[in-house]
Amino acid sequence: MTVTLHVCITCRAGETPGEGEVTPGKRLHGAILEAGVPDGVNVVPVECLSACNQGCSVALSAPGRWSYVYGRLSDANARDVIAGAAAYAAAPDGLVPWRSRPEIFRKQSLARIPPIAVVPEAAE
């Protein structure tokens, strides 16, 4: 099953980019793609993860799994984000053991969201 790594490309990380300059979020997105995305991970750029006060942010999610939002990231963290995404993809429920997480995923988690319960549709 493919997991999704959402990368906020509008994150400014406290910077005020000038006309035509690349935002820190876009730099992070580019660095992640350049680092090489592991099998089973789909990287999706998004306009905003509403973590604006937390620097660059990413979110990991997949159906039936816990989801996570991580912040205070930069393009220098791309390889750690990839390692964390690979560990998440290998965890059937999204719960990666603490010691198996990259340090930034241990210390920079902004939110952990329970899996969305599948509700059977009501009979007509």
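Everything below is about the structure shown above.
Keep in mind that what you see is a predicted model, and the values were worked out from it rather than measured. (Residues numbered from 1 in each chain as written. Predicted model: local features only at pLDDT ≥ 70, side-chain atom pairs only at ≥ 80, totals over all residues. Heavy atoms only, no water.)

Visitor: Explain helix H1 (residues 24–35) to me, and be specific about the residues and the numbers.
Guide: An α-helical turn contains 3.6 residues, so a residue and the one three or four places further along point in the same direction. Over its twelve residues, H1 extends 16 Å from the first C-alpha to the last, a length consistent with the 16 Å expected when each residue adds 1.5 Å. Within the sequence span of H1, burial applies to Pro24, Gly25, Leu28, His29, Ala31 and Ile32. When H1 is viewed along its axis, its buried side chains cluster within an angular range of 165 degrees and face the same direction. On its buried side, H1 packs onto strand S1 (3–8), strand S2 (41–46), strand S3 (56–61), strand S4 (67–73) and helix H2 (78–90). Looking one or two residues beyond H1, the residue adopting positive phi is Gly36, at roughly 100 degrees. (Helix = DSSP H or I, 4+ residues; strand = E, 2+ residues; numbered from the N terminus. Expected span 1.5 Å × (residues − 1). Buried < 20%, exposed > 50% of the residue type's maximum accessible area, 1.4 Å probe, protein only. Arc of directions from axis to C-beta. Contact = heavy atoms within 4.5 Å.)

Visitor: Tell me what's going on with the pattern of salt bridges, and back it up with residues and numbers.
Guide: Going through the model one piece at a time under the given rule, you end up with one salt bridge. A salt bridge links Lys107 to Glu103; the nearest nitrogen and oxygen atoms lie 3.1 Å apart. Placement of both Lys107 and Glu103 in helix H3 (residues 103–107) is noted, with a separation of four residues, approximately one turn of the helix. Judged by relative accessible area, which is 47%, Glu103 ranks as partly exposed. (Salt bridge = Lys/Arg side-chain N within 4 Å of Asp/Glu carboxyl O.)

Visitor: Go over unusual backbone geometry with me, naming the residues and quoting the values.
Guide: Trans peptide bonds make up most of the peptide bonds, and negative phi angles are found at most residues other than glycine. In this structure, Ser50 takes a positive phi of about 55 degrees despite not being glycine. In this structure, Ser50 sits in the loop between S2 and S3. Taking relative accessible area as the criterion, Ser50 reaches 67% and is therefore assigned exposed.

Visitor: So what about the packing of aromatic side chains? Which residues, and what values?
Guide: All told, the structure shown has three aromatic pairs when counted by the stated rule. Arranged with centres 6.3 Å apart and planes meeting at 90 degrees, the rings of Tyr68 and Tyr88 form a pair that is edge-to-face. Of this pair, Tyr68 sits in strand S4 while Tyr88 sits in helix H2; the two residues are 20 residues apart in sequence, bridging distant segments of the chain. Exposure remark for Tyr68: the relative accessible area of 4% places this residue in the buried category. An aromatic cluster is defined as three or more aromatic residues linked by ring pairs; in this entry it consists of Tyr68, Tyr70, Tyr88 and Phe105. Positioned above the aromatic ring of Tyr88 is the side chain of Arg65, whose terminal nitrogen or guanidinium carbon lies 5.6 Å from the ring centre. Between the NZ or CZ atom of Arg112 and the centre of the ring of Trp66, over which it lies, the distance is 3.9 Å. (Phe/Tyr/Trp six-rings, centres within 6.5 Å; stacked < 30°, edge-to-face > 60°. Lys NZ or Arg CZ within 6 Å of the ring centre and 35° of its normal.)

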